[in-house]
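So the chains spell out like this:
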Amino acid sequence: MLAASLKPAPSLAAFFPSARRSPGASSVSFPFFPARLNQRPLLSAAATAESTGAPASQGDSSAGAAHPIDEARLAQFAADWDAARADKEQGKILTLPVLKSNTGGVIVKYNSLQGFVPNPLLSPAHCCKDPKRPIQDVTKDLVGTSISVKVSEVNEEERKLVFSEKDASWLTYSSQIKIGDIYDGIVSSVFHYGAFVHLRFPDGLYHLTGLVHISEVSWDLVQDVQDFLNEGDAVKVIVINIDMDKSRIALSIRQLEEDPLLETLDKVIPLEADQSPDRIMSPSEVELLPGLDGICNELLQEDGITDVQFGRQALEKRVVSQDLELWLSNVPAKDNKFTLLARAGRQVQEVYLTTSLDQEGIKKAVQRVLGRVP
């Protein structure tokens, strides 16, 4: 079923969890990388050891005194910072060993440098193996393994080198998804605007994450997403939009279900003996929903729409939307006549549209009209 609403279309620009920073990640410093010599004139042996992750010398009686860093090592550090910048610009996928973990993420080895992968930038494939397991336990298991990542941030001055496993997963798996695909998923987080869901791929792992906007959660009126979804819930979703430039996937739960109104329309509208399901009613016989008359007049100004008539009215069993919405029914057109459903609160009104447009053309015409009507 296609639908158009008086409300603005749900924004697909909601941030994915990969953009959020966990409490642990926000407190992580980056003491792993030595700066270039012209930025720090001298480093002690102990400081050098800390920077590279190697143990400091213990037997030197002059420990603590400043010693110049070996020029060859400095040259290697400089070359690796340049290489990190180049890898970021080229968008390379790198396979790096995990050295250790902390509360905010994992530390990986990049040539002579060490980098950081914050928990929110790890692939969901790890945590979805056991959704109830604490993330700190999950990251401990990654130590000693290698993961595929992309360079996310390079800041030599602040000695920050950040990697993202999620970005690497997107580059690898996004080409495998398309609009209309149906996935099993696990709810990763819930917000007032919707829920993020990890998608299970044919290999059994959860590689990508999409957003189910609040408007796509249920046919019921959803005022609080947490009334319907919670972290860890298993759900089935359908892909309704993919933004390759912004690495975003829009998902829907309700579009996998039939509109309950279309299933029960004739049941909730009792017909009189002489009343047919497609009976046309004159404006004097019906009390139109507020704002519907103006919308229908605007529709008649659209090219390809020749007539607008009103059909049956009824009350639904539940509130679908507080605002006036126009829905294009998936009932097949007859004699170029399509059925629209105007809905507000529990009220529903059939509107018959005579037009030479196809369903997509009608949807665009309705969206243009709704954009003009205050």
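Our structure's up above, just so we're on the same page.
In this text, all values refer to a predicted model and were calculated from it rather than measured experimentally. (Residues numbered from 1 in each chain as written. Predicted model: local features only at pLDDT ≥ 70, side-chain atom pairs only at ≥ 80, totals over all residues. Heavy atoms only, no water.)

### Structural notes on the overall build of the protein
The test is simple: Helix numbering and strand numbering both begin at the N terminus, where a helix is a DSSP run of H or I of at least 4 residues and a strand a DSSP run of E of at least 2. For every residue, the accessible area (1.4 Å probe, protein chains only) is compared with the maximum for its type, and the residue is labelled buried under 20%, exposed over 50%, or partly exposed between those bounds. Whether two residues are in contact is decided by their heavy atoms, any of which lying within 4.5 Å being enough.
Scanning the protein for helices and strands turns up 9 helices and 17 strands. In the protein, which comprises 374 residues, the proportion classed as buried is 45%. Counting contacts in the protein only where the partners sit at least 6 residues apart, residues at least 24 apart contribute 66% of the total.

### Describing the side chain of Asn119
Inclusion rule: For this analysis, a polar contact is any N or O atom pair within 3.5 Å, provided that within protein one partner can donate a hydrogen and the other can accept it, and provided that sequence-adjacent residues contribute only side-chain to side-chain pairs.
Position of Asn119 among the secondary structure elements: in the loop between strand E6 (113-118) and helix H4 (124-127). By relative accessible area, Asn119 is classed as buried at 12%. In this structure the side chain of Asn119 is engaged in a polar contact, spanning 3.5 Å, whose partner is the backbone nitrogen of Gly105.

### As for helix H8 (residues 292-299)
Residues that lie three or four places apart on an α-helix share one face, since the helix turns once every 3.6 residues. Stated precisely, the cut-off is as follows: Arc definition: it is the arc formed by the directions from the helix axis to the C-beta atoms.
The complete set of buried residues in H8 reads Leu292, Ile295, Cys296 and Leu299. Projected down its long axis, H8 shows its buried positions confined to an angular sector of 100°, all on one face. If you follow the buried residues of H8, they end up packed against strand E14 (305-315), strand E15 (321-328), strand E16 (337-345), strand E17 (347-355) and helix H9 (359-372).

### Notes on the packing of H8 against H9
Which entries qualify depends on this criterion: Angles run from 0 to 180 degrees between N-to-C directions of axes, and those axes are lines fitted to C-alpha atoms, restricted for helices to the stretch in contact. Any angle between 65 and 115 degrees counts as roughly perpendicular, while under 35 counts as roughly parallel, over 145 as roughly antiparallel, and the rest as oblique. With the far helix as reference, a near helix turned anticlockwise by less than a right angle produces a left-handed crossing, and one turned clockwise produces a right-handed crossing.
The geometry of H8 relative to H9 is characterised by a closest axis approach of 10 Å and an angle of 125° between their N-to-C directions. Put simply, H8 runs oblique to H9. You can see that H8 and H9 cross each other, and the crossing is right-handed. Residues Ile295, Glu298 and Leu299 of H8 form the contact with H9, whose participating residues are Ala365, Val366, Val369, Leu370 and Arg372.

### Some words on the pattern of salt bridges
The following threshold applies: By definition, a salt bridge exists where a carboxyl oxygen of Asp or Glu is found within 4 Å of a side-chain nitrogen of Lys or Arg.
Applying the stated criterion to the full structure yields 12 salt bridges. Linking Glu298 and Arg372 is a salt bridge whose minimum nitrogen-to-oxygen distance equals 3.1 Å. In this pair, Glu298 is assigned in helix H8 and Arg372 in helix H9, connecting sequence segments 74 residues apart. We note a salt bridge from Arg372 to Glu302, for which the minimum N-O separation is 3.0 Å. One end of the pair, Arg372, is in helix H9; the other, Glu302, is in the loop between H8 and E14, and 70 residues separate them in sequence. Assessed through its relative accessible area of 42%, Arg372 is described here as partly exposed. Its relative accessible area of 10% is what places Glu302 among the buried residues. Overlapping salt bridges, with partners in common, bring together Glu298, Glu302, Arg368 and Arg372 in one network.

### Focus: the nonpolar core
We apply this condition: Nonpolar cores are built from buried Ala, Val, Leu, Ile, Met, Phe, Trp, Tyr and Cys residues. Side-chain atoms within 4.5 Å join them into one set.
Ranked by internal contacts, the top residues of the largest apolar core, which has 23 residues, are Val197, Leu199, Val225, Leu229, Val237, Ile249 and Leu251. Contributions of two or more residues to this core are made by helix H6 (165-173), strand E9 (182-191), strand E10 (194-200), strand E11 (206-213), strand E12 (234-243) and strand E13 (248-252).

### Re the pairing of strand E7 (residues 146-155)
Rules: Strand pairing is assigned whenever DSSP identifies at least 2 bridges connecting the two strands.
Relative to E7, strand E4 (residues 94-102) runs antiparallel, the two sharing 4 bridges. Bridging from a neighbouring strand, Leu96 pairs with Ile147 of E7. Counting the residues in the hairpin turn of E7 and strand E8 (residues 160-164) gives 4 residues, including Arg159, whose phi is positive at 55°.

### Here's the deal with unusual backbone geometry
One non-glycine residue with positive phi stands out, namely Ser247, at about 55°. In this structure, Ser247 sits in the loop between E12 and E13. For Asn336, which is not glycine, the phi dihedral falls at a positive 60°. Note on placement: Asn336 falls in the loop between E15 and E16.

### Digging into the sheet that holds E13
Strand order in this closed barrel of 5 strands is E9-E10-E11-E13-E12, and the pairing throughout is mixed. With strand direction ignored, the average angle separating the axes of adjacent strands in the sheet is 55°. Relative to E13, E12 runs antiparallel, the two sharing 5 bridges. When the bridges of E13 are listed, Asn241 appears paired with Ala250. The sheet strands contacting H6 are E11, E12 and E13, and the helix crosses E11 at an angle near 90°.

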